[in-house]
Amino acid sequence: MAGVILRRLAGAVPVLLIVSLITFGMMRLIPGDPSSVIGGLSATPAQLAQIRADLGLDEPFFLQMLKWYTALAHGDLGRSILLGQDVVGATLQRLPVTLALSAYALVITVVFGLCSGVFAALRQNTVIDQLAMMFAMLGISVPNFFLGLLMIILFAVRLGWLPTGGYIAFTDDPVGWLRTSTMPAISLALLQVGLLARITRSTMLEVLRQDYIRTARAKGLPRRVVVMKHALANALIPITTVVGIIVSLLISGSVVTETLFSIPGMGQLLTQAVLNRDYPMVQGGLLLTTAFLVMINIAVDACYALLDPRVRYESP
Amino acid sequence: MSLLEVRDLTTAFKTERGEVTAVEDISFDLDEGEILGIVGESGSGKSVTALTIMGLLPQPPARVVRGSVHFAGELLTGMSETRLERIRGAGISMVFQEPMTSLNPVLTIGEQIMETVRAHEAISVRDQRLRAIEMLDRVGIPSAVRRLGDYPHQMSGGQRQRVMIAMALACRPRLLIADEPTTALDVTIQAQVLDLLMDLRDELGMAIMIITHNMGVIAETADRVLVMYAGRIVEQAPVARLFDRPLHPYTRGLLDCVPTLEQDRNRLVAIPGSLPEPARRPAGCRFAPRCGHRIDACSAAIPPLVAVDASHASACIRTDILA
Amino acid sequence: MNLPDAPSRPDAEADIQDVPIHRQHPAWMTLRRLFRHQLFLTGIGLFGIILAAAILAPIIAPVDPTKLAMRYKFRPPDGTFIFGTDNFGRSLWSRVIWGAQLSVVIGFSVVLLNAIFGTLIGALAGYFRSLDNGLMRVNDALMAFPAILLAIGVTAVLGPSTFNVILALAVVYIPRTARIVRSSVIVLREMEYVQAAVAAGAGHWRILRRHILPNAMAPLIVQLSFLFAYAVLSEATLSFLGLGAVPPTPTWGNIMAEGRQYMSEASWIITIPGIALMITVMGLNLLGDGLRDVLDPRLRIQQ
């Protein structure tokens, strides 16, 4: 068990190294002189020089890289031009918002996606199955910002039940959090609900065909036990891997959802940073978010080992 | 009244090309403590017969067209799933061919035995555990207490099949259906598992229905034999009688395939041709196209299973001449 | 002492499995099965509508999609303006049709780039063990980034434009395609007929081209049809965020972004391109499902 996690952690090191190299390289790929892009047309030569110095662009490439990595080792990713705040601090401030929203969406995804997938598999080729799969297809085909807009038009503009946007932290006011987060979470979850329902269904169908399911039935176990214990325990193994992908999709999706609903999370921060050419913020935010996802995936792998004794007892 | 009474059992499957009959007009009895062997090629309908008795075929596509199965006086065909669940594992148990895939990989073997007991008897977890240990002991798994927490992948094929048997017998069923219980095992392990089944029958007194394509297994274990071909019973006899004086040309063909020590290996005779696909079975006697004694009348009608004496029956119109 | 024709799995399925199949040319059979697949046909139909609109754009939408006509602004859909007009009085019909063209062009370009580079990288990594480690590390790193975030990062560096969106989406999705190609190649490389070709002295390129890649096509084609859907969806997302083609060039994403301000009085500006986008993505997804069912039934779990 510990061996599995350690091996995955070791495997993540080269990935993270390359990720950091890519994010570092990105800044140097900006065509032309980034300082003029940042400074704008009205910038004086002195101002441009200042920006170049701030970004360390006047130094040789390898020195820049060395400095960047040294700073990175100290947890310093530079300062956001837009916010005038250090990148790590800004990220830590915004991340909880995105995480709360993603967690809400994840709960919706797992509850609805898993249930409808299992249900459809048990009622294979019936009307229920077809309806569930039609909804799943709709889920993976409706862009989340379109659903978000439709919900805003209906529930906020027309009916006035919920606010059109904004955010209230859960710790400040749980009811307010629910009122501001429900529409974003639903629109964020939709794609993943469809995805998970489809995968759960096909995995369950696969598992239900296995010999050990026949054994369980031959032992006289009630259908409920056969499905909930024998089938689901096995189906959850491949489904867990998908949850790792889903978390990544949720973080991706939060970019547009947060922008749409004016939620001050990482997604909105990064979009603003991009639109305002706040390169240090884009670079740092991208690196931190990706590193975070790599960690999530290691956690998912640990769950995988927990669910599958064949992996758990694997000799290192 | 016999323990198991099967009458005219006919099972069909829905396929893309319409309904195809897998087994047809299967009738036989099985007494308490008796070992009945069912022998036939792959696709002859042995497993479908067993799964129909257990009510384990998915319906649809499977469907019991006609016939009945009585177990201990109760009619199983058409019985509700909930009532069947009470009989499966407690009255009739089953052991399958593939020990590698028949055990749930994510549950410990202890749990898999205990949950069987839990499903059928109202006893404490402690007693369930004791029963599991007792059964593992009985099937010859060494240091049973320690192995309760093991997962199937930590055991060998032979051990897993022993666990399957322990699980099947945990609730003392009156009938054990063993579907090719040794086919997937190494030859040396095969004999051990068969011996185990024999010993357990002597100890616990349950009846066994053993399904195999291996005449050797039949000779070693069965009291009585059913020979199946293309979904029908073609011959039925006590085991000594069958090996001694087979009546049906197919049975003879099967026995000719068994090499004996005295025989020259080169003279091993195989039956020409192959088993017809269920959708393309010939009219009349299904074995006729492969039979050396075929006459025109063979293809006219399906020959019924006719008793030649109290214990021996054959489905061949030329039995009188050939015998 | 086994019976003739010893069984491998003498269970119920084996009993009914051997129902006769009429032998025909495999490609013809695949096509016939595709055209019997209802979901596939629905997908073709939905995507066909969008494709036709994209190709016929100059004929069916002759009005310049960027032409301002303030006196016609906020006209709801009616006889004169089929899809109504926007805040500048531009014809939404023209804008949505020309937006379809852009979506299809971008989607197709991303698919093409993936087909070329994804196959190349995947085949190299899968076939030559010496290249595998290096290529796949970079691949894994690129896949570790959340898709949209990486695309945003790339467009941030390159600046918003149609071409850069294509480039960004290619960078995001090529690693995923390469991984799929690689896993098929690894399996195929070990196949006996490939080993036989190696033993017969066939060169690497010949083996890759003649023996491996043709057999790796089925999962690739399935992946590419889903990829088309993701590409269209991602492009719309980027341009909704203001990172796609620069206005006034109409894209479904930027039409919807502009419509946001007027959603209470002119909701059609949002709903019409949204529905067009949905039809495209759903059509492509259904098409991909159909292809997967027919070409590669083992490939059940798709990402």
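As recorded in an unreviewed UniProt entry, chain C goes by ABC transporter permease and comes from Limobrevibacterium gyesilva. Listed in UniProt under the heading Subcellular location (unreviewed entry), the comment for chain C reads: "Cell membrane". As stated in UniProt under Sequence similarities (unreviewed entry), the record for chain C gives "Belongs to the binding-protein-dependent transport system permease family."

Per an unreviewed UniProt entry, chain B is named ABC transporter ATP-binding protein, and its organism is Limobrevibacterium gyesilva. Of chain B, the UniProt comment under Subcellular location (unreviewed entry) reads exactly: "Cell inner membrane".

Explanation requested: the sheet that holds strand S5 (residues 74-75) of chain B in the structure shown.
Backbone hydrogen bonds hold the strands of a sheet together, and the pairing may be parallel or antiparallel. Residue and element names in this part refer to chain B. Strand order across the open sheet formed by four strands is S2-S1-S4-S5, with antiparallel pairing between neighbours. Each having just a single partner strand, strand S2 (18-30) and S5 make up the two edges of the open sheet. For strand S1 (residues 4-15) and S2, the ladder comprises nine bridges, and the chain directions are antiparallel. Bridge pairing links Leu-9 to Ile-26 in S2.

Please clarify how the interface of chain C and chain A should be interpreted in this entry.
In many analyses, interface size is given as the accessible surface area lost on bringing the parts together. Of the residues lining the interface, 49 residues belong to chain C; the matching set on chain A comes to 54 residues. Carbon and sulfur atoms supply 77% of the area that chain C and chain A bury against each other, a total of about 4400 Å² over both sides. When residues of chain C are sorted by the area they lose upon contact with chain A, C:Phe145, C:Leu149 and C:Val157 head the list and together hold 14% of the total. For the pair chain C and chain A, the interface holds one salt bridge. At the surface where chain C touches chain A, the tally comes to six residue pairs in polar contact (both at pLDDT 80 or more). Elements that contribute at least two residues to the side of chain C that touches chain A include exactly helix H6 (129-144), helix H7 (147-158), helix H10 (204-240) and helix H12 (268-295) of chain C.

What is the right way to look at the domain arrangement of chain B in this model?
Residue and element names in this part refer to chain B. Taken domain by domain, chain B holds domain 1 (4-91 + 173-260 + 270-322) and domain 2 (92-172). Computed over C-alpha atoms only, the centres of domain 1 and domain 2 are separated by 28 Å. Contacts between the two partners involve 35 residues from domain 1, matched on the other side by 20 residues from domain 2. Regarding the contact of domain 1 and domain 2, the summed buried area is about 2300 Å², with carbon and sulfur atoms giving 70% of it. On the domain 1 side of the contact with domain 2, Pro-173, Leu-196 and Leu-204 bury the most area, a combined 22% of that side's loss. Our enumeration of links across domain 1 and domain 2 arrives at one salt bridge. Where Arg-138 meets Glu-203, a salt bridge forms, and the shortest distance between an N and an O atom there is 2.5 Å. Linking domain 1 with domain 2 are twelve residue pairs in polar contact (both at pLDDT 80 or more). Of the residues that constitute the side of domain 1 that touches domain 2, the class distribution is 24 nonpolar, four polar and seven charged.

Is there a simple way to explain the sheet that holds strand S12 (residues 313-314) of chain B in this structure?
Residues and elements named next belong to chain B. The strand order across the open sheet formed by eight strands is S6-S7-S8-S3-S9-S10-S12-S11, and the pairing between neighbours is mixed. The sheet is open, and its two edges are formed by strand S6 (92-95) and strand S11 (306-307), each paired on a single side. With four bridges joining them, S6 and strand S7 (residues 175-179) adopt parallel strand pairing. Paired with Val-95 across the strands is Ala-178, a residue of S7. Seen against the sheet, helix H1 (residues 46-54) touches strand S3 (35-39), S6, S7, strand S8 (207-212) and strand S9 (224-229) and runs at an angle of roughly 145° to S6.

The rules behind each value
- Residues numbered from 1 in each chain as written.
- Chains lettered and ligands numbered in written order.
- Predicted model: local features only at pLDDT ≥ 70, side-chain atom pairs only at ≥ 80, totals over all residues.
- Heavy atoms only, no water.
- UniProt positions renumbered as here; feature names shortened; annotations may be inferred.
- Pairing = 2+ DSSP bridges.
- Helix = DSSP H or I, 4+ residues; strand = E, 2+ residues; numbered from the N terminus.
- Contact = heavy atoms within 4.5 Å.
- Buried area = accessible area lost by both parts, 1.4 Å probe.
- Salt bridge = Lys/Arg side-chain N within 4 Å of Asp/Glu carboxyl O.
- Polar contact = N/O pair within 3.5 Å; in protein donor to acceptor, adjacent residues only side chain to side chain.
- Domains from an automatic or database assignment.
- Nonpolar A, V, L, I, M, F, W, Y, C, P; charged D, E, K, R; others polar.
- Axes fitted to C-alpha atoms, helices over the stretch in contact; angles between N-to-C directions.

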